[in-house]
Amino acid sequence: MCAEFRELRIQVLGPVSAWLGDQALGLGPARQRALLALLAFRPGRPVSRDEIIDAVWGHSPPASAANGVHTYVKGLRRVLEPDRPRRSADGILTSVTGGYLLRLKPELLDAVAAEQLISQASRLKVAGDLPLAVRSLDSALALWQAVPLLGIPGPWAQTERIRLTELRLTAIEERGDVLLAAGQHAEAAVELASLVREHPLRERLRAQLMTALYRCGRQADALAVFTQTREILVDELGVEPGPGLQQLQQRILRADPDLAQPDPVPGTARRTVLRRPPAHDSDRRRPARKHGQRPATGQPVPRQLPTPGRGFAGRSAELATLTELLDQAALPARGDDPQEPSAAGGRTVVISAIGGMAGIGKTTLALYWAHQVADLFPDGQLYVNLRGFDPDGVPITATQALRGFLDALGVPAARIPAGLDAQATLYRSLMAGRRILVVLDNARDDQQVRPLLPGSRSAMVVVTSRSLLIGLVAAEGAHPLTLDLLATDEAHELVAGRLDAGRLSAEPEAVPELVRLCGRLPLALSVATARLATQPALPIGAVVADLTDVRRRLDALAVDDPMTSIRAVFSWSHWSLTPAAARMFRLLGVHPGPDISIPAAASLAGVSHQEARILLAELEHLHLVMEPVPGRFAFHDLMRAYAAELSAAGDDSLSREAAMLRALDHYAHTAGSACLAMNPARDAITLSAPRAGAVQEPIADDAEALAWFTSEHQVLLRALSVACDRGWDGLAWQIAWSIADFLGRQGHWHDWTATQRIALASAERLGDRPGQAYAHRSLGEICLQFGSLTDAEPHLRQAIELFSQIEDRAGRAGTELALAHLLEQRGLIPDALSYAQRALVTFSELGHRPGQARALNNVGWCQALTGDYQQTLGYCRQALDLHAELGNRFGQAATLDSLGFAHHNLGDHAEAIGCYGRAVELYVKLGERYLAADVLAHLGDSCLAAGDLASAGQAWQSALSTLDDLGHPNAASVRVRLDELHLTGEVT
């Protein structure tokens, strides 16, 4: 391994960081750091691209994920080995077939170093070297800087975060044991008191503190710790302290002399070997029982599964997943005795924790699948509705559920013990070795479920809950299965299963609308079809009409039964929220959607970024909102309607208006910053100060600006519509101004036009002349884009007049450049050159360097159109240098296009191809689809002139694909060139 590899160190026990020697590295965005961390955990081993995508994006990655991996790998290579030859196969980060490999010494990853130190401490403890064991544990614990993998997205990071946090706590507890074994009771008591305050639910730490206090002669304090522990566990979890803690209390109460002495040093203590008693003849292996046969012991066989609702539809993938998990669970073979212990051990296999929003069909799926596989469980099926989110708000306690299970398993009432722990112990004993399916429906949280787990691997458990049950996944190995909405064809199948064919065929156009308006939510579809089924004369279209009115949508899905009324079912989740989260939920109903970022949610609610993150996590935990991509949260349409309804009923109009204005301030100010990051030459407008509580997102560069606009595109359009509808005209035109460049460059022509018309109308209502000027100029530029020169000129002339009235010379000069482009399109090249030169003079006098760079390029372009290509090279090279100094990549790309044109016409096709290629590369990086396609067309022309027909065809084909996708009229001319090339027969 070469020296550079040995110098690379990576930290994940906190924020992900890396060093080459003593030099700290800038690792870039969160997903790029996630990729490095993932590879670091598998040093020297290939990690496939699919594994990376699953780890970093999860099971529903965007279509761009594969490109994202490639981008992040390139970014890491630039940081890790900037001097590495581009195509070198030997490096720190290497491409392998289908994936990537990181060369790193394992011990130079702090997580690995920590695990090695903890293992070393364990060996030292066994060897009796307790001081060195403590030092090893101290060295390990010092490696934790903060929460592991802090800020890293993706399911892999979340799983590792839980594991590494638990590893730290285990090391802390192991250190306490070593201190006690070494007789350092006083030191241990001080440290453990602090640790117990930090981790109040860790019973092992509390037991260590009680022991330390007792050995320090503080018996009363030790017993007080037990009393405090019991209060906390009962109040917060509803459980008693575990048997170990209870036994320790009893030993302290009776002053057990053995407790006063340090534990024997491991490795020197006498070992007691526990042997299994000899088998009695009657315990030997019995003949195999036929599958499905009643147990030979005569024990009752419970059959508690309720009947699933009629009309089950879809969910084929989820059913297959459940069955696959059952196959993987390795039940005892059908011919085996289920009571014979398995080599795999006795831990419960939790088949799945089925989660999802209210009404998504969790219970229906669980029961449907349970009935399908019931014959695989000949010893019975247990079922309980834990009522975690029932209308009365009173969940079933674990004690109540256990009592029902014990009754079903045939335990006489007189034999059922009183305490939860004793009941759970009896339950686990009865379940040992028996093939029983347990369905725990509608669980509130992990703690309600945990006492009901059988403890035997022959018993299978399925849990449904609106909560995420993260603890069950982390600690018990549950397999999470989160239900999504029904696929469109599955939703149609559900409707078809509940209504007769004649009725469906009579109104074929109404069924897709019914599915759409119910949002493919199973409960909503069930209520709507039930309403139709009970009213045979009611047209499907009438229900569709009711659902179309957003204000009446929930009324259309209301029924008397609280178990099936959409509004009632949603309310059970809402009642479970803390007051702050309930307020956030209501205000999200005010937000126009379709989704929301954490900073926008913070602005909406007027809280800090961290508080917003916590509140959104609480809502997501109960599946009231979804997080389709990290950091962005969305509602189901029906849930949004419910939240809006709650807000209208529970929040006064002034509060709702203030929340919406804070959110619009967030969008206006962040969009303004992002717009200038994308286009530094853009005229800056003056925004009013944001309202208190509004949060502006920092935008560092054009890449972040593009990413932000891409994420917020639809939200900004809806926010603009809200501002317009409510008469907030200042915000309306300012948001429209800020989004104009993004919409134009990305080819969102319709949105670009609509927003600028809104901007003009809003500015005219305000009498705001700067707003009118900017809107007229944008509308003129839109008309120019589509060749509507007659429509463009009045807008541009009006903009020039308005900028003159308000004495905005920079605004006027920017509009003169647009007018120069119009005149050039009309063939009036001298007039176009005159306007461009006039703008250059103005920008130069103002010291407006971004405008000056733009004008230099425009003057150079006009010179090219007069045939003076040498003048073009002079002006455009000045423009290129100035754009580069300003860091304006967009301006550089535009100028390279002009330089390419000049070189092409001077016959220097190689230089032209180079300029065009660099321009395309910049436009692609900036996400400028139309402009990249436009330059690709020019690149094809130069390739053709150079005799490279294949490259010309490739360039034109790429340009045509984009222009067709955008619906741009320039596609026609490119198609003609491509067709002519194919007619030559030299390119296919």
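Computed from a predicted model, the values in this text were never measured in an experiment.

Reading guide: rules and limits
- Residues numbered from 1 in each chain as written.
- Predicted model: local features only at pLDDT ≥ 70, side-chain atom pairs only at ≥ 80, totals over all residues.
- Heavy atoms only, no water.
- Buried < 20%, exposed > 50% of the residue type's maximum accessible area, 1.4 Å probe, protein only.
- Helix = DSSP H or I, 4+ residues; strand = E, 2+ residues; numbered from the N terminus.
- Pairing = 2+ DSSP bridges.
- Contact = heavy atoms within 4.5 Å.
- Phe/Tyr/Trp six-rings, centres within 6.5 Å; stacked < 30°, edge-to-face > 60°.
- Lys NZ or Arg CZ within 6 Å of the ring centre and 35° of its normal.
- Salt bridge = Lys/Arg side-chain N within 4 Å of Asp/Glu carboxyl O.
- Core = buried A, V, L, I, M, F, W, Y, C linked by side-chain atoms within 4.5 Å.

A. How the structure looks around the pairing of strand 9 (residues 437-443). Most of strand 9 is tucked away, with seven of its seven residues classed as buried. Alignment of strand 8 (residues 381-385) against strand 9, held across five bridges, turns out to be parallel. The residue of strand 9 that forms the bridge with Asn385 is Asp441. Where strand 9 meets strand 10 (residues 460-465), five bridges bridge the pair, whose relative direction is parallel.

B. The environment of Gly541, seen in detail. With respect to the helices and strands, the residue Gly541 is situated in helix 22 (residues 540-548). According to the relative accessible area criterion, Gly541 is partly exposed, its value standing at 28%. Each C-alpha atom of the pair Gly541 and Leu514 lies 8.3 Å from the other, and the pair is 27 residues apart in sequence. When near neighbours in sequence (up to four residues on either side) are disregarded, Gly541 contacts Glu507 and Ala510.

C. Geometry of the packing of aromatic side chains. Going through the model one piece at a time under the given rule, you end up with 13 aromatic pairs. Look at Phe41 and Trp156: their rings are 5.3 Å apart centre to centre, the planes differ by 80°, and that puts the pair in the edge-to-face class. Taken together, the residues Phe41 in the loop between helix 2 (30-40) and strand 4 (47-48) and Trp156 in helix 7 (residues 155-181) connect sequence positions 115 residues apart. Overall, Trp156 belongs to the buried group, its relative accessible area being 15%. Directly above the ring of Tyr835 sits Arg838, whose terminal nitrogen or CZ lies 4.6 Å from the centroid.

D. Representation of the pattern of salt bridges. The final tally for this structure, using the stated rule, is 32 salt bridges. Among the ionic pairs, Glu513 bridges to Arg516, the shortest N-O distance being 2.9 Å. Taken together, the positions of Glu513 and Arg516, both in helix 20 (residues 510-517) and three residues apart, correspond to about one turn of that helix. Accessibility expressed as a relative area gives 30% for Glu513, which makes it partly exposed. Each of Lys125, Glu166, Glu173, Glu174, Asp177, Arg202 and Arg204 takes part in a single network of salt bridges with overlapping partners.

E. Highlighting the nonpolar core. Grouped together as the largest cluster of nonpolar side chains are 172 residues, with contacts concentrated most on Leu514, Met584, Phe585, Leu619 and Phe709. With twelve residues, helix 29 (residues 653-678) is the largest single contributor of residues to this core. If we ignore the near neighbours within four places in the chain, the residues touching Phe709 are Ala671, Ala674, Cys675, Met678, Leu716, Ser738, Ile739 and Phe742.

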